[in-house]
Every structure is written in C-alpha cells, then in structure tokens.
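Now for the letters of each chain:
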Amino acid sequence: MALNSKIPSGSIDSKWTTYKSTCKLVNPANKRHLEIIVVGTGLAGASAAASLGEMGYKVKAFCFQDSPRRAHSIAAQGGINAAKNYQNDGDSTYRLFYDTIKGGDYRAREGNVHRLAEVSVNIIDQCVAAGVPFAREYGGLLSNRSFGGTQVQRTFYAAGQTGQQLLIGAYQGLERQVSLGTVEMFSRHEMLEVVMVEGKARGIIARNLVTGELERHFGHAVLLCTGGYGNVFYLSTNAMGSNVTAAWKAHKKGAFFGNPCFTQIHPTCIPVSGDHQSKLTLMSESLRNDGRIWVPKAKGDNREPTDIPEEERDYYLERRYPAFGNLVPRDVASRRAKELCDAGYGVGSSKMAVYLDFAAAIERYGKIEANKQGKQNASKAEIIDLGRDVVKSKYGNLFEMFEKITGENPYKVPMRIYPAVHYTMGGLWVDYELMTTVPGLYALGEANFSDHGANRLGASALMQGLADGYFVIPYTLGNNLADDIRTKAIPTDHPAFAAAEKDVNDRINRLMGIKGKRSVESFHKRLGKIMWDKCGMGRNAKGLKEAIEEIKSLKKEFWSDVRIPGDIKEYNPELDKAGRVADFIELGELMCIDALNRNESCGGHFREEYQTEDGEALRDDENYMNVSAWEYKGDGNFVMHKEELIYEVVHPSQRSYK
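Definitions and limits used
- Residues numbered from 1 in each chain as written.
- Predicted model: local features only at pLDDT ≥ 70, side-chain atom pairs only at ≥ 80, totals over all residues.
- Heavy atoms only, no water.
- Domains from an automatic or database assignment.
- Contact = heavy atoms within 4.5 Å.
- Buried area = accessible area lost by both parts, 1.4 Å probe.
- Salt bridge = Lys/Arg side-chain N within 4 Å of Asp/Glu carboxyl O.
- Polar contact = N/O pair within 3.5 Å; in protein donor to acceptor, adjacent residues only side chain to side chain.
- Nonpolar A, V, L, I, M, F, W, Y, C, P; charged D, E, K, R; others polar.
- Helix = DSSP H or I, 4+ residues; strand = E, 2+ residues; numbered from the N terminus.
- Buried < 20%, exposed > 50% of the residue type's maximum accessible area, 1.4 Å probe, protein only.
- Pairing = 2+ DSSP bridges.

Draft legend 1. Quick peek at the domain arrangement of the chain. If you check the domain split of the chain, you get domain 1 (33–262 + 425–658) and domain 2 (265–421). Taking only C-alpha atoms into account, the centre of domain 1 sits 31 Å from that of domain 2. Contact with domain 1, which involves 40 residues of that partner, is made by 38 residues of domain 2. Interface area for domain 1 against domain 2, summed over the two sides, is near 3,500 Å², with a carbon-plus-sulfur share of 57%. When residues of domain 1 are sorted by the area they lose upon contact with domain 2, Q77, M537 and Y657 head the list and together hold 20% of the total. Summed over the shared surface of domain 1 and domain 2, the result is three salt bridges. Where domain 1 meets domain 2, there are 23 residue pairs in polar contact (both at pLDDT 80 or more). For the side of domain 1 that touches domain 2, the per-class residue count stands at 15 nonpolar, 18 polar and seven charged.

Draft legend 2. Structural detail: unusual backbone geometry. Its identity as a non-glycine residue notwithstanding, N88 has a phi of 60°, on the positive side. Positionally, N88 belongs in the loop between β3 (80–81) and α4 (93–103). According to the relative accessible area criterion, N88 is exposed, its value standing at 66%. Of note, the phi angle at Y234 is positive, near 65°, even though the residue is not glycine.

Draft legend 3. Fine view of the pairing of strand β8 (residues 214–218). Of the strand pairs in this sheet, strand β7 (residues 200–208) and β8 are connected by five bridges, and their pairing is antiparallel. Looking at the pairing, G203 lines up with F218 of β8. Here β7 hands over to β8 after five residues, with G212 in that stretch at a positive phi of 85°.

What follows is the structure in structure tokens.
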C-alpha cells in the first residue's frame, strides 16, 4: 500500500500557507452539528478540545485521570522552543526547522517539521495571552535558555515547571468551553476501542473506571491525544498511568504504527536506586545549559567529587564535541554516558552514573551579580552565595526535587545522573493532516510519529503538542469534515457499537477469568527488563531475536497465569493495569521486530553493528531513508509499509556536533 503523506506542493516555506488558504471550511452553523471525540487532555488534547469548542464544534473530551490537569504533560520541566530570535543570536524559522531535521538524524518528514517551526512563534503569543507565566528578563522581555542540539537560545521556560504552566493555560481554555457547554468532559474514563462504521472511525467504547461500566460514544471524528508508550520499558520518566492502549486499539483497527523502535533516552535522570522503584525522575535538560558533565579520569575513583581536582576530571562532552559541548542532542549525550560507565568510569554506589556539576555556573553567576551590586572585592563565599541565588531563581524546584529524592544538596555537590527512557518518537502514522490510515481517526502530539525523526530535540515535545492542538487540527479537521456535514449523528445502538462493546467485554472477562498466581506488576517488570536490555540504548540482531522469543513466551505466560483481584463492575486499578500491560507486551514485540528490521543506526536507534570508528550512529540512507509503517495482521503478525522520505531542502549528511 502506497502511503500518501498529502504534503502540499510548492516551496517549503509556502506549503502550510497554501494549505490554509485553499482547504475546505465548515461554516459556523454546521459546526454545531458535528461531534468530535478527543481522547487525552494533555497539551495536545486540551488545546485541541479548547480550540475546537471555541470554533463551535460539539466536543467530548476523555481522560483516565481524575482531572484533565493531571495529564502527564504537567511533568515537563525545561521549556518550549520557538523561533522568536529574541536573543538576536541568529535564530530563524529555517534554523529551527534545520536543527529539528538534523537532530532527528534525517528520519523526519520535511513538510511537517517546517510547519512546526512556522507555528512555534504563534504558540508563545497564544500562551502569553492565556496568562502562562514565562520567565522574563529584567527589562520585561521573555527569557530564553539553551537546549541540546542547537547553538541558539530559543527555549522559553517557567522555572523547571514549564509543562505545568502550559497545561494550566490550556486547561483554562478547556474549562471555559466546558462551562459554555461546547465541551463535555469525561474524566476517569479510558478508551478501550475505536468504533468503525462503513470504514470510518465513528466513535469509541470507553470504560468508566469508577463504576466499571462500558459506555458508547459517537463522534464524526476521533482525535487520539494519548501521549507516548515509554512505559513499555517499565522504568521510565513517564507517569505510571501513561500507556499505549488507545493507540494500540487504533492500530488493531487498521491504523499503521510508524517507527515503533524510535525511543528517546534522556541523558539527565536520577539513577536507578534499587528494585523497589516503579518510575524514574527526570532532571530537566535545561540543567545542561549551565551544568558541566564529567567523570573522573581514573577508573574506579571513589573519592568525593569535591575532592577530585580539576585536572583529574574528564569533561568528556566538552572534549569530544567542542562546538556543542554539554549541549549535544540527547541520544549522543546518553550514549557517551553509558559508554563511560560500561568502561568503568561511572560514579556513585552503583557506578552507573556521571556527574552534572553546577559549581562553575554558581561562581560565574555570582561574579556577574557582584559586579551588578558594585561589590568589586567580594569574597569567594559572597560570590558563591550570590551565584546560588541566581541558580535558585532559574532551577530552584529542580534542585529541591533532587535533594528530596537523593538527600544530597546539588548546590554543594554535583548531581549524579544517568540516561533513562523518556519520550517515544514512534507512534501512529499520520499524514500532513494528522489523520491516521483509518479515515476519521487522527493522532496528535506524542501519539503520532511525525515530527521528530529518530531523536527529539529537547523542548520540542511541548511545542509539537500545542502546535497540533491550537494551530494544525482546526484547519485539517475542517478540511475533512466539510464532506461530512450531511452525516447525522449515528445512534449508539447501531450494530457497530454493539459489536465493539462486546469485543471489549469479552476481553475483560477473559482477563478476569485467568485467575493465575502472578501479579500484573511482575509481568510488566519482566517485559521492561527484556526491552531495556535488548531494545534499549544499544541493540543488536542477536539480542533482538532473543527478545522477540522471550516476549512471545512472556505473553503466553501472562494470558495463563496473571492474577487480577476484585471485580469488573467496580473501581479496579489492577484490571485497568492488566489491560495496559497486555497491550505493552504486544507492542514490545513489534518494537523489537522494527528494530531488527532497521539495519542501520540513527538517532536513538543504535544498532551496535552499525557505528562509525569513533562510536557515532552510522546511517544507511540508501536503504532506510523511510518511515517504517506497520500494519496489524493478527496476533504477532505485522506487515511493513514504507513512506519514502524525500529531502528537497536539507541535504542529509553525517551528523557532527564537533
């Protein structure tokens, strides 16, 4: 099947303008008769539901949390990119576009990425107008900081809680529409099936997680804004509820899954401390803006970091990548940390960590502050105190969080960090209009595959979620719904709804009927270990083949020996979790198949057989400059379709950050 990405013709900087000027529109009177289902209320979902409600559509929004405010977007720390060039340091729409394509190791679609760069400037204006309290310079202008993979400062932020502030802004817009009656909100509801009528997505089956009842909901279109699937690895920076179920149900109904093996490992996370852990904590990428990363030059050096003199430290990113230093992209920084820890240079009790040190930044800021205050002869202690205050104003909540979790004060000793699973670049395949291969079914934000290629640059997730919800879907959805204005609401007693509900019911009853001995959690942990060891930061053909077999036998064991206490018609989080883990097991198999099929290294997909002499990712543009879009053909059976990636503007080259 040839995949049509529907990229408009014309020059790269006119495609989106031409599309907006020529797409079909739905008039206001007709919008009131069109019903839209939005699943997920993170940045993509909340902004889409608020925007579509404001435009006059009838919207139903669903989230499994107790409030839309609890969506995992709230956990994003460091910032959001936009090509505003407030620093006058050479930024532009083109440079943001170029950095994103290069950062994704030339495995993203040019048309989508350029559109993202274009609308980035509007996002900031929208959020400021909504009251998002971005950090500001002394003169009142919005402040920017640096992030990995770029040489300009384009990241807007609100201390270390940018996601929270942006989500509250989108949530306010959503709640305004709820109060006006254009959006109906269903919290504590989980989507468990897509309803298809005559080849189109026309609704969902949702489970009320409080009562256990199944509900049928009609929509002229269904928007999945359900985030990523990093929790397939069990330990990740994602909230424990984050899952793949909505996207996986769509996949089984015909939506192709794009690049499932492209997983982002974040280089700055608090290291694993033991088997008791159920998630990992992120330390924002923004910390690499001011912090310096190092390990001792001697293997197995057990001295306190403050006792190791400067000349006995290896600032390895600054040494290997002088042009970018500590601000190389996430995949590069993560691989180097793993490489050094594996070679015996790791620090801390586990020896699986490196240092992120703020001493130099504190001193630098302290000197600037002392000069500002006219303290020409300030003592070292005074300078340190002044510098700490500046760092506190920029990163204070992150430092507090680190100290609460580790008991160490990062103002006085370096943080210890190690890479962890964070974001998934893969997701449901969508065209330029964000529609999946199922007509009427859309995927927004991290739930789709479209904008980041094989590695996401930091501060681009919030950008994509809000771009899709505020500025893209209002146009592309109308372009398709213009042909649907005569379609009346389909009653939910239609046979397609009854059949979909029966499928969900049968699956739940099958799960509850197993009555085995092992907990859901134990299966999830075992799946996570297989995925991390064999489809994590490094992959090879032997390990991936083993992983596929191990996951198959784990699946068999899950469906014969899982134990789910409680009943169906009640609040039963173990049952909710069992359904999600069952989907993760199936997804894990596809991820390994995809990784085995892609015989190259690119971005976050590092096949150990394919690397340059100095350990960098070695792409194979001749054979793999494509999106791998997988079609579900039954249990463990997937067929790959390709979307060839055509680069008209940026010419792929070996990535270099030196």
